[in-house]
4 protein chains.
Amino acid sequence: MGETLGFIGLGNMGYPIASNLIRAGYKLRVYNRTLSKAEPLLSQGAVLASRPAEVAEPGGIVVTMLADDQAVEAIALRNRELDERLGPGGIHLSLSTISPATARKLAEQHAQHGVGYVAAPVFGRPEAAAAGKLWVCLSGHRESKKRIQPIVDSFGQGSFDFGEDPGAANVVKLCGNFLIATAIEAMAEAWTLAEKNGLDRVRVAEMLTKTLFACPIYQSYGERIAQQQYDPVGFRLALGLKDVDLALQTATSSQMPMPLASLLHDRWLSGVAKGRSNLDWTAAALGVAEDAGLPIAKKSPTA
Amino acid sequence: MGETLGFIGLGNMGYPIASNLIRAGYKLRVYNRTLSKAEPLLSQGAVLASRPAEVAEPGGIVVTMLADDQAVEAIALRNRELDERLGPGGIHLSLSTISPATARKLAEQHAQHGVGYVAAPVFGRPEAAAAGKLWVCLSGHRESKKRIQPIVDSFGQGSFDFGEDPGAANVVKLCGNFLIATAIEAMAEAWTLAEKNGLDRVRVAEMLTKTLFACPIYQSYGERIAQQQYDPVGFRLALGLKDVDLALQTATSSQMPMPLASLLHDRWLSGVAKGRSNLDWTAAALGVAEDAGLPIAKKSPTA
Amino acid sequence: MGETLGFIGLGNMGYPIASNLIRAGYKLRVYNRTLSKAEPLLSQGAVLASRPAEVAEPGGIVVTMLADDQAVEAIALRNRELDERLGPGGIHLSLSTISPATARKLAEQHAQHGVGYVAAPVFGRPEAAAAGKLWVCLSGHRESKKRIQPIVDSFGQGSFDFGEDPGAANVVKLCGNFLIATAIEAMAEAWTLAEKNGLDRVRVAEMLTKTLFACPIYQSYGERIAQQQYDPVGFRLALGLKDVDLALQTATSSQMPMPLASLLHDRWLSGVAKGRSNLDWTAAALGVAEDAGLPIAKKSPTA
Amino acid sequence: MGETLGFIGLGNMGYPIASNLIRAGYKLRVYNRTLSKAEPLLSQGAVLASRPAEVAEPGGIVVTMLADDQAVEAIALRNRELDERLGPGGIHLSLSTISPATARKLAEQHAQHGVGYVAAPVFGRPEAAAAGKLWVCLSGHRESKKRIQPIVDSFGQGSFDFGEDPGAANVVKLCGNFLIATAIEAMAEAWTLAEKNGLDRVRVAEMLTKTLFACPIYQSYGERIAQQQYDPVGFRLALGLKDVDLALQTATSSQMPMPLASLLHDRWLSGVAKGRSNLDWTAAALGVAEDAGLPIAKKSPTA
């Protein structure tokens, strides 16, 4: 190994992924808007860049893990420096959850500079990232995908290739997050129905997630929602709204209503309006309790 | 063993359960509205009753597995003959998915005759019933629950006791069916979003149900919905609507909105309006495709 | 004139209607569960009955104005005394907002005793009732409709005949109340959108209800909602929920989804869950403000 | 008079407005993408420009009536020529229904060139535009508003000033179109409920729109929807979706859920998906009938 990679975005998810890459033997040149977050990586040998494009080298690979479309566009689309530095044979490996439309625009512009674009959005919370247990959806430039496979394997427990459309992997990611958000709302409603009828929410959650719904999403989220425990924050509620809205926009562009996604939009947006942007996204469940006239326990940190 | 049980209701679910009871050594006195359905059981030693209450004997146990509240009320509530025949020490073991309110009324009336009421709604499709792999929710009369445990064990792979409120087990059952119906709608929307964006619905379903959603409900229903394969009919669409509506009514009585259940009500009711009552309840997914302007494949049997 | 009528139900609406009948020259024999409410009418010559059926006389007319299906059923369906006293040639003139299904059951049973059933649900708040300005929907027994026309004219500004189906007039009434509830929710959302964008809610309401929506419902409700003024109570929020639910049940029976009615159900039910049953039904608008994270002004009386 | 105005956009609405301006004595320099639409105006003395900015003269007034944000941005935001030609003292009078956010961006950029921006979105269908009976919402640059008042009076029956925020008038316009779209959906559901219960949809519509809902929107749209008559096309269904989506985006930016707007989005988007973009926007009602399993009459022109 020993190859040097550029890495931009050391947030909740980016940081543990970068750590895993170092552990796997890669050398990293890193950039993050808040520089202090990069420090622990420097002691492990990473080199700090003073601006995003500086992490790139000719024909090299740059990994990005950023919050939203705007952040990715600012670094890789509106500014051509990254493309110019990477040049022919370079690769942009994009882990962020962004819209398929933005992914396609990125791929198109990169191609003009001979840079290959690979979309590789991931499933998993920060703990899974730290443990190298993410699930990875891949799509994009065929040759580049081969070259980045070992990188992806160093932080994922498995990857799935959805072909050459650079937007495809993000469609799957949006489908997945939409399914998770739906499960959160569904469990919030179900456990509240149980509570309103005199049952113990935790016990009902246990039964259903040990049997019919014995899978990671239902078990981990189901217990948090049953316990009404909305911290630690694995994924911010405001980012949950962003992802639901990306699904809705993608659905609108492709001419299909998603009434369930509309409902989730309304629920998460209300959470934002009530000042819960920085709680974990399961805190959308508070809205279900409020609508039912139940008192809201004050266990959770305020946004 | 060798105890004689009364058994009323030999439909999709009742028949395989009754078969398992015979296999486990029980003697059955059975009743079904359509008598022909009872025939195969007679050859295994079951005795046919000419009307429902006739299956009961003093101090005995009667198992019922019927389509809805009205059917259970007709047999066990509006007609006192069943109570009179069972008498003190008798038990009504009620497997049907009915409203918690009806369960409480049944328990109250039975108690007047010294009959114990045990609610034991089950999760699982007909294949699971045949294999003795149902999950059973229990609640109701404490002493009676002990006595019926071996019966339940002969057709279930596990049971969960939710206490003495005769309505409690049905609340859990309604929560569970609500979660399943939500998953059906969510997967229908997600796979359609994938299809509309040029992806292979089956492959997206595979990825998500092998990873984040690796549990029976998502795997079995997810593949059917991805394949748009709505037969064989495990659970009729019209019964799905009935269960969503029981959840909504229970929520209304307990003063809580369930916006997701409202959405499911609208989807399944539209399926009924379009003549799909007798398709499998996953055929609600056809509505998602229609709303998206997609042609509906004509693979499925018409209602 | 001078004819004697029975009159059952002296609530918010029944009382002013009964007053108008006396003013028009009718003699009334009245019954109300809370007897004190009848007192002012007694001083105007009305006679008090000690139980409902006592207001009837052979071949006479009994007017009922009650809160819901259960109240009407208790007086006129489960108890045959009213039918027996009215007998052949008698008429039940039913002003209550009930389900079309209950109306049909009433008509059927009355017919067995030779009693004609006329459904005559009314539109208008208590002030309109006092002013004799109600709008009346009629349907039911043809001959009886002719005989009750002058009665209806004494409290209505106009009536519309929807034929002989005893349920028809109530279908129209449910349609109308559904349209009003929708307008309440729509204006609550629109005025809040204006407020959130820095505009004066009252001025926006004025403009739109003086032009495109220059009609009574939008003008009276629009201003209340803009001012966030939820008293005096013309129509209780809990009754609003009842009417939305009657529309939904009627829609379910006739196999059609009403997604808008589902949304209204969720909104009004949440109002009930939050303890607002006894506020005016426009107080459903508080839910819109809460979902938007706006502080709720405490001008309104608590339930 | 005799003042010369620039006028861009001669569609369904722009054409009759421009005609009224000529009738009122203004001289017009016009531009339209499809030049043939301008011809009848040329015979009335209008002069044709070969590209948009050419309609402007120093210190003059340019009126725009375009389909959406993108069209307005292309002409007045991304291209500075219009600003440069108008220069100090010039005015952009913008009649299009666009987002408040775009209006604010326009005002800001115009101000840099000394050009005043006045938002003046209008209510009314093409017939009302031809008759000079539009309702006009105004907001924006104070001095400019005084100068354009006679222009607005020549095509409107009244105008309402919402202050200096250039986005304010468009917020009111979006509120109004949201209320209309809601009324369309509500009447579609109500008339279908009546039909499903054996009543005559037209008669129910007549009663309710002569009494409680005796206002232009309910009367004109109510009858079309009752008759299921979706042509002539006053306002295209695709533009209805655009306006509902502008309301939703504005609500999202201002942090408030609008569940009713979400429902309308789903309904109109489904209309687009089914190929009905070019029908009148009342054709959204077809979705209500389809969901209810009713056959769709083929009276309407296909998209």
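Reading the values: rules and limits
Residues numbered from 1 in each chain as written. Chains lettered and ligands numbered in written order. Predicted model: local features only at pLDDT ≥ 70, side-chain atom pairs only at ≥ 80, totals over all residues. Helix = DSSP H or I, 4+ residues; strand = E, 2+ residues; numbered from the N terminus. Rg over C-alpha atoms; globule rule 2.2 N^0.38 Å. Buried ≥ 20, exposed ≤ 12 C-beta atoms within 10 Å, placed from the backbone. Contact = placed C-beta atoms within 7 Å. Nonpolar A, V, L, I, M, F, W, Y, C, P; charged D, E, K, R; others polar. Least-squares fit on C-alpha atoms with pLDDT ≥ 70 in both. Pairing = 2+ DSSP bridges. Right-handed = clockwise from strand over helix to strand, strands pointing away. Domains from an automatic or database assignment. Expected span 1.5 Å × (residues − 1).

With that settled, consider the overall build of chain A. Helix and strand counts for chain A come out as 13 helices and nine strands. Taking 2.2 N^0.38 as the reference for a compact globule, 303 residues should give roughly 19 Å; the C-alpha atoms of chain A span a radius of gyration of 20 Å, in line with that estimate. With the C-alpha coordinates of chain A rotated into their principal frame, the extents come out at 65 × 45 × 35 Å. The buried share of chain A, taken over its 303 residues, is 60%. Intrachain contacts of chain A at a sequence separation of at least 6 include 66% that bridge at least 24 residues.

This paragraph deals with the interface of chain C and chain A. Counting from both sides, the interface comprises seven residues of chain C and, opposite them, seven residues of chain A. The class makeup of the residues in the side of chain C that touches chain A is two nonpolar, three polar and two charged.

Moving on to the interface of chain C and chain D. The interface is formed by 53 residues belonging to chain C together with 52 residues belonging to chain D. Elements that contribute at least two residues to the side of chain C that touches chain D include exactly helix 8 (168-196), helix 9 (201-210), helix 10 (216-227), helix 11 (237-253) and helix 12 (259-273) of chain C. Sort the elements by how many residues they give to the side of chain C that touches chain D and helix 8 of chain C lands first, with 17 residues.

Mapping chain C onto chain A leaves a residual RMSD of 0.0 Å; the transformation is a rotation of 180° accompanied by 0.0 Å of translation along its axis. Such a combination of rotation and displacement between the chain copies is what one expects of a two-fold axis. With an isologous cut-off of 70% or more, the 100% of interface residues of chain C that recur at the interface of chain A puts this contact in the isologous class.

Residues and elements named next belong to chain A. The pairing of strand 8 (residues 134-140) with strand 9 (residues 156-161) spans five bridges and is parallel. Across the sheet, the residue bridging to Leu138 is Asp161, located in strand 9. Crossover connection from strand 8 via helix 7 (residues 142-153) to parallel strand 9: handedness right-handed.

A word on the relation of the copies chain C and chain D. With an RMSD of 0.0 Å, the fit of chain C onto chain D corresponds to turning through 180° and sliding 0.0 Å along the axis. With an isologous cut-off of 70% or more, the 98% of interface residues of chain C that recur at the interface of chain D puts this contact in the isologous class.

Residue and element names in this part refer to chain A. If you check the domain split of chain A, you get domain 1 (4-164) and domain 2 (171-291). Between the C-alpha centres of domain 1 and domain 2 there is a distance of 28 Å. Every contact between the two is made by 12 residues of domain 1 and, on the other side, 14 residues of domain 2. Counted by class, the side of domain 1 that touches domain 2 contains eight nonpolar, two polar and two charged residues.

A word on the environment of A:Asp200. Of note, A:Asp200 is situated in the loop between helix 8 (168-196) and helix 9 (201-210). Residues A:Asp200 and A:Ala226, spaced 26 residues apart in sequence, show a C-alpha to C-alpha distance of 8.9 Å.

What follows concerns helix 12 (residues 259-273) of chain B. Residue and element names in this part refer to chain B. Taking 1.5 Å of rise per residue, the 15 residues of helix 12 would be expected to cover 21 Å, and the 21 Å separating its terminal C-alpha atoms lies within 8% of that figure. Burial analysis of helix 12 places 15 of its 15 residues in the buried class, which makes it a mostly covered element. Once helix 12 finishes, Gly275 follows within two positions and takes phi at roughly 85°, a positive value.

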